[in-house]
Amino acid sequence: MPTPAKGPRLGGGAAHERLMLANLSAALFEHKRITTTVTKAKRLKPYAERLVTFAKRGDLSSRRRVLGLISNKGIVHELFTDIAQAVENRNGGYTRITKIGNRKGDNAPMAVIELVLEPVSAKQAVVAEATSAAKRDADKRDADKAAPAAETEAAEAEVVETEAAETAPEAEAAETEEAPAAEEAAAKPEKDAK
């Protein structure tokens with residue numbers, strides 16, 4: 001886990017701080033955004049991002065490590081299925097802290113910490129969509145080129161078959177004409193031999 005900051009801990013003891021961060025991260029994963037003090041949000045950010053990194057790995061060992069920190073199985077399941085899938089193309093920066101002013105009662109500085117679940121950038125999403133559309137068009141063009149080529153091959157095969165069918169009766173007629181002549185030629189040498 002991230003090295004704790006020097007100085008006083010959140011809440012008094014190290015164990016209490018670990019439990020507080022685990023509960024804050026569970027609430028963050030459940031609700032996708034929470035409002036807390038700026039100090040707690042800054043301490044929660046690396047903790048939660050490390051848990052999201054474990055979730056992106058997705059193996060059993062990572063799941064068990066996260067279950068050791070967050071005891072609610074439903075939240076861990078949501079983290080490993082929904083959240084990890086939403087941030088799989090992101091290489092870090094899974095959370096965002098936005099300062100919202102001071103709290104009314106004790107004037108403590110407050111912040112909203114939320115999960116960043118939108119695509120990495122709108123520009124990259126548009127580029128990815130354009131490349132997929134270009135690929136579909138190229139595949140369609142190739143299919144359109146293949147279809148006329150197949151039609152011309154089929155037409156050529158039909159022409160060859162019809163030519164063969166037209167020449168077949170002529171060949172048969174020639175064979176029938178040659179057959180008696182061949183028989184007569186074979187009979188003449190026999191007569192000459194007698």
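Residues numbered from 1 in each chain as written. Predicted model: local features only at pLDDT ≥ 70, side-chain atom pairs only at ≥ 80, totals over all residues. Heavy atoms only, no water.

**Quick notes on the layout of surface pockets**
1) Next: The calculated volume of the second largest pocket comes to roughly 170 Å³.
2) Next: As for the second largest pocket, its lining consists of 13 residues, and the residues nearest its centre are Ala 86, Asn 89, Glu 118, Pro 119 and Val 120.
3) Next: For the lining of the second largest pocket, the secondary structure elements donating two or more residues are helix H4 (73–86) and helix H5 (122–193). (1 Å grid on protein atoms, 1.4 Å probe; cavity = no way out; pocket = protein on both sides within 12 Å on 5 of 7 lines; lining within 4 Å. Points joined across faces, edges and corners; volume = space filled by probe spheres on them. Helix = DSSP H or I, 4+ residues; strand = E, 2+ residues; numbered from the N terminus.)

**Thoughts on the packing of aromatic side chains**
1) Next: Counted under the stated rule, the structure contains 0 aromatic pairs.
2) Next: A cation over an aromatic ring shows up here: Arg 63 above the ring of Phe 80, its NZ or CZ 4.5 Å from the ring centre. (Phe/Tyr/Trp six-rings, centres within 6.5 Å; stacked < 30°, edge-to-face > 60°. Lys NZ or Arg CZ within 6 Å of the ring centre and 35° of its normal.)

**Some thoughts on the nonpolar core**
1) Next: The biggest cluster of nonpolar side chains holds 31 residues, and the ones touching the most others in it are Leu 28, Phe 29, Leu 44, Leu 51, Val 66, Ile 70 and Leu 79.
2) Next: When residues of this core are assigned to their parent elements, the largest contribution, 9 residues, is made by helix H2 (residues 38–57).
3) Next: Ignoring sequence-local partners within four residues, the contact set of Leu 28 consists of Arg 33, Ile 34, Leu 44, Ala 48, Thr 95, Ile 113, Glu 114 and Leu 115. (Core = buried A, V, L, I, M, F, W, Y, C linked by side-chain atoms within 4.5 Å. Buried < 20%, exposed > 50% of the residue type's maximum accessible area, 1.4 Å probe, protein only. Contact = heavy atoms within 4.5 Å.)

**What to know about the pattern of salt bridges**
1) Next: Taken as a whole and assessed by the stated rule, the structure comprises 7 salt bridges.
2) Next: The closest approach of N and O atoms between Arg 43 and Glu 17, which form a salt bridge, is 2.2 Å. Within this pair, whereas Arg 43 is found in helix H2, its partner Glu 17 is found in helix H1 (residues 14–31), the two being separated by 26 residues in sequence.
3) Next: Arg 43 sits in the buried class, given a relative accessible area of 17%.
4) Next: Glu 114 serves as the salt-bridge partner of Arg 96, at 3.1 Å between the closest nitrogen and oxygen. One end of the pair, Arg 96, is in strand E2 (residues 95–102); the other, Glu 114, is in strand E3 (residues 109–115), and 18 residues separate them in sequence.
5) Next: Residues joined in a network through salt bridges with shared partners are Arg 33, Arg 96, Glu 114 and Glu 118. (Salt bridge = Lys/Arg side-chain N within 4 Å of Asp/Glu carboxyl O.)

**Points about the packing of helix H3 (residues 60–69) against H4**
1) Next: Two elements in contact, H3 and H4, have axes whose closest approach is 10 Å; the angle formed by their N-to-C orientations is 140 degrees. Relative to H4, H3 is oriented oblique. Classified by chirality, the crossing of H4 by H3 is right-handed. Of the residues in H4, those touching H3 at Ser 62, Arg 63, Val 66 and Leu 67 are Lys 73, Val 76, His 77, Leu 79 and Phe 80.
2) Next: Partitioning the contact of H3 with H4 into residue classes produces 5 nonpolar, 2 polar and 2 charged. (Axes fitted to C-alpha atoms, helices over the stretch in contact; angles between N-to-C directions. Parallel < 35°, antiparallel > 145°, perpendicular 65-115°, else oblique. Left-handed = near helix turned anticlockwise from the far one by under 90°. Nonpolar A, V, L, I, M, F, W, Y, C, P; charged D, E, K, R; others polar.)

**Comments concerning unusual backbone geometry**
A negative phi angle characterises most non-glycine residues, just as the trans form characterises most peptide bonds.
1) Next: Here Lys 32, not a glycine, exhibits a phi torsion of approximately 70 degrees, which is positive.
2) Next: Within the secondary structure, Lys 32 is located in the loop between H1 and strand E1 (33–37).
3) Next: Judged by relative accessible area, which is 24%, Lys 32 ranks as partly exposed.
4) Next: In this structure, Asn 107 takes a positive phi of about 65 degrees despite not being glycine.
5) Next: Inspection of the secondary structure puts Asn 107 in the loop between E2 and E3.

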